[in-house]
Amino acid sequence: EDKVVQSPLSLVVHEGDTVTLNCSYEVTNFRSLLWYKQEKKAPTFLFMLTSSGIEKKSGRLSSILDKKELFSILNITATQTGDSAVYLCAVGSGGYQKVTFGTGTKLQVIP
Amino acid sequence: DTAVSQTPKYLVTQMGNDKSIKCEQNLGHDTMYWYKQDSKKFLKIMFSYNNKELIINETVPNRFSPKSPDKAHLNLHINSLELGDSAVYFCASRAPERRTGELFFGEGSRLTVL
């Protein structure tokens, strides 16, 4: 059974801090790893990674994938209260575009 | 123009009833999904369709029956509702991996079974 595990489950930081969120996976026939941010409604897409070692960046967010060790990290620098959300990691696998989500990390940024 | 739309957004019903949730996407994607999100925000895949054909069925009880009349629509019918079915159900469609591979989600349908 495909498995995606995120850590920590929750995190409270102060504005301006840097955070690192972790995602490890065990899936059959890995194809891609995706990061999502979920506030009150539907998850919104952040990144998709398919190759090891290539960092994806978008403003203060960045992510990297290690296909040998089967994990990814999501970094958020200079956190703001608007970064408070649940961050979801998902893995695309198999020949049929199965996308399995992790347990999520709840991030709270306090002023 | 909403890319993935679900109706209804809220559903409150009694145990034992049957209910349906509809989903439509106007993105031209071939692949659509149903996910169930519990109170701890865990998103569990239920079904996936590719061009109207069922390709993933993740050990979901037979009371749940998806239907895809065409590749832009994926509906979910639930028979004999149980308390444990209370959750938010998300429909999603996926862009091809050769592009972004992004999953586009609907706003969710919150089902409450009393």
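Because the structure is predicted, anything quoted here is derived from the model rather than measured.

Asks: Can you walk me through the pattern of salt bridges in this structure?
Replies: Pairing between side chains becomes possible if they bear opposite charge and their charged atoms approach one another. One pass over the full model with this rule turns up nine salt bridges over all chains. Among the ionic pairs, B:Lys9 bridges to B:Glu107, the shortest N-O distance being 3.8 Å. Of this pair, B:Lys9 sits in the loop between strand E1 (4–7) and strand E2 (10–13) while B:Glu107 sits in the loop between strand E10 (103–105) and strand E11 (109–113); the two residues are 98 residues apart in sequence, bridging distant segments of the chain. Look at B:Glu107 and you get partly exposed, because its relative accessible area is 40%. B:Arg63 serves as the salt-bridge partner of B:Asp85, at 2.8 Å between the closest nitrogen and oxygen. In this pair, B:Asp85 sits in the loop between strand E8 (73–78) and strand E9 (87–94) while B:Arg63 sits in the loop between strand E6 (53–57) and strand E7 (64–70), placing the two residues 22 residues apart along the sequence. Of the residues examined, B:Asp85 reaches a relative accessible area of 3% and is grouped as buried. Exposure remark for B:Arg63: the relative accessible area of 15% places this residue in the buried category. Salt bridges here are not isolated pairs; linked through shared partners, they connect A:Asp2, A:Lys98 and B:Glu58.

Asks: Which parts of the structure should I look at to understand the state of the cysteines?
Replies: Simply put, disulfide is the name for a covalent bond between the sulfur atoms of two cysteines. All names here are of chain A. All chains considered together, the criterion is met by two disulfides over all chains. Note on cysteine connectivity: Cys-23 is disulfide-linked to Cys-89, with sulfurs 1.9 Å apart. The chirality of the disulfide connecting Cys-23 with Cys-89 is left-handed, given an S-S dihedral of about -65°. On the criterion of sequence distance, the pair formed by Cys-23 in strand E3 (residues 19–26) and Cys-89 in strand E9 (residues 85–93) is long-range, its members being 66 residues apart. There is no split in this pair, since Cys-23 and Cys-89 are both buried.

Asks: Teacher, can you tell me more about the sheet that holds strand E8 (residues 71–76) of chain A here?
Replies: Backbone hydrogen bonds hold the strands of a sheet together, and the pairing may be parallel or antiparallel. Residues and elements named next belong to chain A. The strand order across the open sheet formed by five strands is E1-E3-E8-E7-E6, and the pairing between neighbours is antiparallel. A single partner strand is all that each edge strand has here, and the edge strands are strand E1 (3–7) and strand E6 (56–58). For this sheet the average axis-to-axis angle between neighbouring strands, irrespective of direction, equals 15°. The sheet contact formed by strand E7 (residues 61–66) and E8 spans six bridges and is antiparallel. In the strand pairing of E8, Leu-65 is matched with Ser-72.

Asks: What exactly am I supposed to notice about the side chain of B:Ser109 here?
Replies: Residues and elements named next belong to chain B. With respect to the secondary-structure elements, Ser-109 resides in strand E11. Looking at Ser-109, the relative accessible area reads 2%, which means it is buried. In contact with Ser-109, not counting residues within four places along its chain, are Gln-6, Pro-8, Lys-9, Ile-21, Ala-87, Val-88 and Tyr-89.

Asks: Teacher, can you tell me more about the interface of chain A and chain B here?
Replies: Much of the literature gives interface size as the accessible area that the parts lose upon coming together. In this assembly, 20 residues from chain A lie in contact with 24 residues from chain B. Both faces combined, the contact of chain A with chain B buries some 1,900 Å², and carbon together with sulfur accounts for 56% of it. Together, A:Gln97, A:Val99 and A:Phe101 form the three largest contributors to the area buried by chain A at its contact with chain B, with a combined 28%. Applying the counting criterion to the chain A and chain B interface returns two salt bridges. A:Lys41 is the salt-bridge partner of B:Glu107, the closest N and O atoms lying 3.9 Å from each other. Our count for the contact surface shared by chain A and chain B stands at five residue pairs in polar contact (both at pLDDT 80 or more).

Rules and cut-offs
- Residues numbered from 1 in each chain as written.
- Chains lettered and ligands numbered in written order.
- Predicted model: local features only at pLDDT ≥ 70, side-chain atom pairs only at ≥ 80, totals over all residues.
- Heavy atoms only, no water.
- Salt bridge = Lys/Arg side-chain N within 4 Å of Asp/Glu carboxyl O.
- Helix = DSSP H or I, 4+ residues; strand = E, 2+ residues; numbered from the N terminus.
- Buried < 20%, exposed > 50% of the residue type's maximum accessible area, 1.4 Å probe, protein only.
- Disulfide = S-S within 2.5 Å.
- Pairing = 2+ DSSP bridges.
- Axes fitted to C-alpha atoms, helices over the stretch in contact; angles between N-to-C directions.
- Contact = heavy atoms within 4.5 Å.
- Buried area = accessible area lost by both parts, 1.4 Å probe.
- Polar contact = N/O pair within 3.5 Å; in protein donor to acceptor, adjacent residues only side chain to side chain.

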